[in-house]
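Structural features, examined
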Amino acid sequence: MTTDTSRTHTGRPDDEPPLFGPGSQFHAFFDDPRWALAIIRATVLEAAHPQIGAALADNSTFVAHPWRRLRNTLLSMRRMYSGDPAVREREAARLNRLHARMSGEDSRGRPYDAMDRATRAWVVATLFESAVTMCRLSGQPLDQDTMERMYAEYRAYLAALDGDAGELPESLQDFWGYFDRVVEDELENTEAARIILYRLFDHLPAPALLDGAPTLWAAGRAVVGPLLGAITVASLPEPYRRRAGLPEMPGTETLMRGAYLAAGLTRFLPRGWLDAENIIELLTLSPGGDDPRARTATVLRDRMKRASALLRLISPLGGAHGPGPVSGSAHEGRGPAEEFFHQVLDQTGDGHLDWPDLAAMARELSTRLDLEEPEESRLYDAFAAWWRELQDALDTDGDGRVSAAEYSAAVPSLAGPALIRVAEVLFDATDKDGNGTIDADEYRALFRTAFHRDPATTDSAYGRSAFVGDFVSFMSGGRTSSPYDPLFTDA
Amino acid sequence: MDGNGRWAQRRSLPRTAGHRAAEATVIEIIETARSAGVEWLTLYAFSTENWNRPGTEVDYLMGLVRRVVRKHAPLLLARGVRCRFLGVTDPRIPRELAQDFDDLTTLTDGNRGMTLTVAFDHGGRRDIVEAARSLIRSGRSADEVTEHLFAQHLPYPDTPDVDLVIRTSGEQRISNFMLWKVAYAEWTFPEVLWPDFRAPDFLACLHTYRRRDRRFGSLPPWTNGDSR
């Protein structure tokens, strides 16, 4: 097993470009806007795999929190392709731990396991194939050598995760046969793929930066959402489109090619104009933080708010002048408890609270704090205990999960011992130096904002009991408090 | 802004016509005040007691205010007027109207020319009660409370004390208007009805105010023949 890894790492002469780190083909694509389209396409192909589709539908937070998910994925890929082998190994171990916690059954009762080797090879295969296809579609096909090198990079990526890349064919020639066979035989019209194609883009929540301008966001989304869906469908392999019964609309082929071509033309922009990481960082930057860029973000957001206020004010009045609170949307009728349920607790956005929701919280926290074993397991265990406590207290109809109605009926009785335990474990995990208080750096790691305690309490650090108290009252009562709010609600 | 109803009755028009005619005055007065150098202008549009008017009239007023706000929003923005709304807590206010108020506030928030406060669903006593609540919640001890501290808890604490109140149509009552802030205000009571109130009338009121001798409860700075 390990022989394969060592060969890919060491068996090359020094003058060839490295498989990882700057200079690799992956790095060349990283800031390429075409890559955004290609990633969406790859994600659909992944989700169309029944195993991955089931895992996504059950565990993933990408519907409710797509921007957070995107940021985490991007960071993870950066680390995986870092030039430093230690960073790579650490990230691979983290990813493996993360995926080892995901297994279950799909809606038809077939088991899935996020550690399944063949399935993981497919993820890497879709990424590679989408990168090749994106170059083809934008009229700049890769030559054979580049393609071979890129394939070696992606196999090395799989090897870094799995120990070896045995599940992917050795040579590029065999890869195409493998890819076509999976597309023909294994892909299905899964729910996850449908969600990505038809639901995600239509309901994409605004990233933190644009949160204050819902009107503007909704207007833009109404145009861009269906377009992205159509472009992605048109770029999928023909056999899959046929099997999944995806619509063939006249013009979408041209539209798709045009989009890829236009995205490819940005290569003529000056260097550094498009930096994927900066763009994502900026989008997920919530105004009010202490980042120097947050000031810009705040100003930008204020402008945006004003623009959308003006837009609303000058838009013609609807025919109905009927006064009175009539058009209360679904959001208006919600009490604070239900609001909290949807914004914080229901991480997967399926309208129910069950284990994947709490696991997603544990995952987000351990990602933020960059936890290693055994702290990570401790945090998951604490969340699991809390889930059992919640289930006992709230699941009145016994269907194994908690609905918003069940939740809001029982809110006051939620601060049980298991939740306090979660707070304590989280405190210990955040308090990296173990001195019994959370200092400024530790605070920033958890909340991503500046450290400021109420000066009235005179403490310059965040003590254990204060932290536990704040966390428990936030998680149980839905008391909105500024630092905790964005912890789980960031879209 | 009194006298819309009487203005309409004198012309044998429905009361609503009087409210409609008030729109022109509102815009003219805002413009006049701005060019006369007034920095803080407050219009008393709707009091907490006005909810007692007939339902149809209230409904009409809500619709009218909404149209006026939307119609003049770009103008107010362009003229550098910062708009905000005092009161606006009653659940009977249509949600769309409250949204428009919010939008106009957001839109003109950066303006520094003149601050226009529209008292809508406003009651001076309610503001004082709210301030008292907020003060108690802040947990200050009774001895600490001063006039200054109390004023900090009133809505829009940055608003200075009122200098001049103009009440049209000859009515001479306070009618629950900004009770805390009018403590030393000068009052004028022009006979003219609000829809007929025009720029010259407003400037005349300003002129009267300038000639007033504001002593704020103390003696005048000097008095003829008094050696002090």
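Criteria and thresholds
Residues numbered from 1 in each chain as written. Chains lettered and ligands numbered in written order. Predicted model: local features only at pLDDT ≥ 70, side-chain atom pairs only at ≥ 80, totals over all residues. Buried ≥ 20, exposed ≤ 12 C-beta atoms within 10 Å, placed from the backbone. Helix = DSSP H or I, 4+ residues; strand = E, 2+ residues; numbered from the N terminus. Pairing = 2+ DSSP bridges. Right-handed = clockwise from strand over helix to strand, strands pointing away. Expected span 1.5 Å × (residues − 1). Contact = placed C-beta atoms within 7 Å. Nonpolar A, V, L, I, M, F, W, Y, C, P; charged D, E, K, R; others polar. Core = buried A, V, L, I, M, F, W, Y, C linked by C-beta atoms within 7 Å. pLDDT = per-residue confidence, 0-100.

1. What to know about the pairing of strand E3 (residues 114–122) of chain B
Residues and elements named next belong to chain B. Along E3, nine of the nine residues are buried, which leaves the element largely enclosed by surrounding structure. Of the pairings in the sheet, the one linking strand E1 (residues 40–47) to E3 comprises seven bridges and is parallel in character. Looking across to E3, one finds that Ser47 is bridged to His122. The handedness of the strand E2 (residues 81–87) to E3 crossover, carried by helix H4 (residues 95–107), is left-handed.

2. Observations regarding helix H5 (residues 66–80) of chain A
Taking 1.5 Å of rise per residue, 15 residues should cover 21 Å, and H5(A) covers 21 Å from first to last C-alpha, within 8% of that figure. Looking at H5(A), one finds that the buried residues are A:Pro66, A:Trp67, A:Arg68 and A:Arg71.

3. Overview of helix H8 (residues 144–162) of chain A
Residue and element names in this part refer to chain A. If you check H8, its first and last C-alpha atoms are 27 Å apart, about what 19 residues at 1.5 Å a residue would give, namely 27 Å. Where H8 is concerned, the buried positions are Met150, Tyr151, Glu153, Tyr154, Arg155, Ala156, Tyr157, Leu158, Ala159, Ala160, Leu161 and Asp162. Trailing H8 by a residue or two, Gly163 shows a phi angle of about 95°, which is positive.

4. Regarding unusual backbone geometry
All names here are of chain B. For Asp121, which is not a glycine, the phi torsion comes out positive at approximately 55°. On the secondary structure map, Asp121 appears in strand E3. Positive phi outside glycine occurs at Tyr156, with the angle close to 50°. Summarising the element assignment, Tyr156 is placed in the loop between helix H6 (147–152) and strand E4 (164–166).

5. Side note on the interface of chain A and chain B
Each partner contributes to the interface: chain A provides twelve residues, whereas chain B provides 13 residues. Looking at the side of chain A that touches chain B, its residues break down into seven nonpolar, two polar and three charged.

6. Focus on the nonpolar core
Core analysis: the biggest nonpolar cluster contains 66 residues, and A:Val44, A:Val124, A:Phe128 and A:Leu158 have the highest contact counts within it. At the level of elements, helix H3 (33–47), helix H4 (50–59), helix H7 (117–137), H8, helix H9 (172–185), helix H10 (191–203), helix H11 (214–235) and helix H13 (252–265) of chain A are the ones that each hand at least two residues to this core. Element by element, the count of residues in this core is highest for H7(A), at eleven residues. Apart from the residues within four sequence positions on either side, A:Val124 is in contact with A:Tyr154, A:Tyr157, A:Leu158 and A:Leu168. Membership of the second largest hydrophobic core comes to 37 residues, among which are B:Ala8, B:Leu97, B:Leu107 and B:Trp194.

7. Concerning the confidence of the model for chain B
Residue and element names in this part refer to chain B. Scored by pLDDT, chain B has a mean of 90; 96% of the residues are at 70 or more. The element-level mean pLDDT for chain B is lowest in H4, coming to 90, with E4 highest at 95. Predicted as a complex, the structure gets a pTM of 0.58 and an ipTM equal to 0.79.

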